[in-house]
Amino acid sequence: MNQYSKRFLYFICAVSAMGGLLFGYDWVVIGGAKPFYEQYFGISQSPLMQGVAMTTALIGCLAGAMVAGAAADKLGRKPLLTTAAVLFTVSAVATGLFNDFTLFNIARFIGGIGIGVASALAPMYIAEVSPADIRGRMVSLNQMTIVLGILSAQIVNLLVARDTSSAVGQAWNLEWGWRWMFWAETLPAALFLLMSFFIPESPVFLRMKSAAPQHSAGEAGLRELREAKYSRVLLLGLFIAVFQQWCGTNVIFNYAQEIFVGAGFDVDGMFINIVITGIANVVFTFVALYTIEKWGRRTLMLIGAGGLGLIYLTLGTCYFLGLTGVAMVALVVAAISVYAMTLGPVTWTLLAEIFPHRIRGIAMATCTFALWVGCCTLTFSFPSMNAALGSSGTFWIYSAICLCAFVFLWRRCPETKGKSLEQLEQEIIKQ
């Protein structure tokens, strides 16, 4: 590949990965806005309504992921990325604009559809345009932009929130602070929309349409997805997708207030610690970019499952013993770090690699749908679990899930590094 081709490849992958940037921002910004919009809408004493507000966007993710596969196989990858950019832009403006709780949730739902579409399409598009020897690194670029989006949301939340110890600062946060946290997404969303017009269609999609112009690729893929020869790889994909969520790490982002307050910090300390976790998230995603092609996908998945299992076991024990302070932050940062260099990026890489061309769109969408079901149930269940079991019991459950997943991955997860998509198709389906 010549220098010009490399630069063009990096450009189109970076544009596609902007969907990940907005995915990360839109997904996490609500965690910082949570203490303020809950008081504004009068739901600070209602765990049910709090769960609804946190879950609405995730339900949108389910809808977006559900339609993304068939639509991408019928219309192409590029138009769906542009559609996601439009949805992100509309949601960013509308979420901060509305004063009604129902309309607020509708705006969040629209953004969730954008997340669902982008999360299914961006890694698949990058995998289809990248050479085998750097495919893992390029798909991991999507995870890098996700964590940069997360860190951006955390920094914006920190900068926007006024001093909570003063009456003036608190009043500004309740009326305007949470709105500007959402509005700040408008600029990158509009940039993604503009740049999406300058990327080409996926060559894999173009070959699929040329090879079978008389059939809808999406319809063929849906039929083939039900065939017995694909059941094993589909089960693997579904497990990997759901486990990435039910490993428990993402509750740290969405429920940072409860986790850090439970560890002995006030609201201002919470914002600072959230940014610390965001920095760790970015740093160790960079580590993943350099290890994914050297250590391989399977090794990193096993490190993630086993490492998180042990960390959460320790974290739950510390909560049980009533420990607070820096040690608790260190454990949370360790969990984020392990996740960032393993399960975070490698899940998306594996999902983009393991499926045959004919079913990749619909299979990727199916697994992304399952991932967001996992995220939705995780996010909705955490307040109730935390109230019933305490932080100790909750993290012990996450530990047990991770250790069980380690056993499954040890037996079933293949190594895909350095192999072409065509080679993987032959090896995995014949297993």
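Owing to the predicted nature of the structure, the values given are computational and were not obtained by experimental measurement.

Caption draft 1: Spatial organisation of the overall build of the protein. Broken down by element type, the protein carries 18 helices and 0 strands. Looking at the protein as a whole, 60% of its 431 residues qualify as buried. Looking at the protein alone, contacts between residues at least 24 apart form 85% of all its contacts between residues at least 6 apart.

Caption draft 2: Structural detail: the side chain of Gln 245. Along the chain, the position of Gln 245 falls in helix α10 (residues 231–246). The class of Gln 245 is buried, set by a relative accessible area of 1%. Setting aside chain neighbours within four positions, we find Gln 245 in contact with Trp 27, Asn 250, Leu 371, Gly 374, Cys 375 and Leu 378.

Caption draft 3: The arrangement of the packing of aromatic side chains in detail. Under the criterion given, the structure shown has 24 aromatic pairs. An angle of 90° between the planes, with centres 5.1 Å apart, marks the rings of Tyr 40 and Phe 41 as edge-to-face. Residue class for Tyr 40 comes out partly exposed when judged on its relative accessible area of 27%. In this structure Phe 41 comes out as buried when scored by relative accessible area, which is 15%. Taken together, Tyr 37, Tyr 40, Phe 41, Phe 101, Phe 104, Trp 178 and Phe 182 form an aromatic cluster joined through their ring pairs. One residue, Arg 298, lies across the ring of Trp 410, its end atom 5.3 Å from the ring centre.

Caption draft 4: Focus on the nonpolar core. Formed by 118 residues in total, the largest nonpolar core has its most connected members in Tyr 37 and Trp 372. Setting aside residues up to four positions removed in sequence, Tyr 37 forms contacts with Ile 30, Ile 43, Ala 53, Met 54, Phe 104 and Trp 178. Counting 6 residues, the second-largest nonpolar core is a separate cluster that includes Val 147, Leu 151, Val 282 and Leu 289.

Caption draft 5: Spatial organisation of the pattern of salt bridges. Tallying each qualifying case throughout the model produces 7 salt bridges. For the salt bridge of Glu 128 with Arg 77, the shortest nitrogen-to-oxygen distance reads 2.7 Å. Separated by 51 residues along the polypeptide, Glu 128 in helix α4 (residues 101–129) and Arg 77 in helix α3 (residues 77–97) bring together distant segments of the chain. The pair formed by Glu 128 and Arg 77 is uniform in burial state, with each residue classed as buried. Each of Arg 135, Glu 293, Arg 297 and Glu 353 takes part in one network of salt bridges that share partners.

Calculation criteria
- Residues numbered from 1 in each chain as written.
- Predicted model: local features only at pLDDT ≥ 70, side-chain atom pairs only at ≥ 80, totals over all residues.
- Heavy atoms only, no water.
- Helix = DSSP H or I, 4+ residues; strand = E, 2+ residues; numbered from the N terminus.
- Buried < 20%, exposed > 50% of the residue type's maximum accessible area, 1.4 Å probe, protein only.
- Contact = heavy atoms within 4.5 Å.
- Phe/Tyr/Trp six-rings, centres within 6.5 Å; stacked < 30°, edge-to-face > 60°.
- Lys NZ or Arg CZ within 6 Å of the ring centre and 35° of its normal.
- Core = buried A, V, L, I, M, F, W, Y, C linked by side-chain atoms within 4.5 Å.
- Salt bridge = Lys/Arg side-chain N within 4 Å of Asp/Glu carboxyl O.

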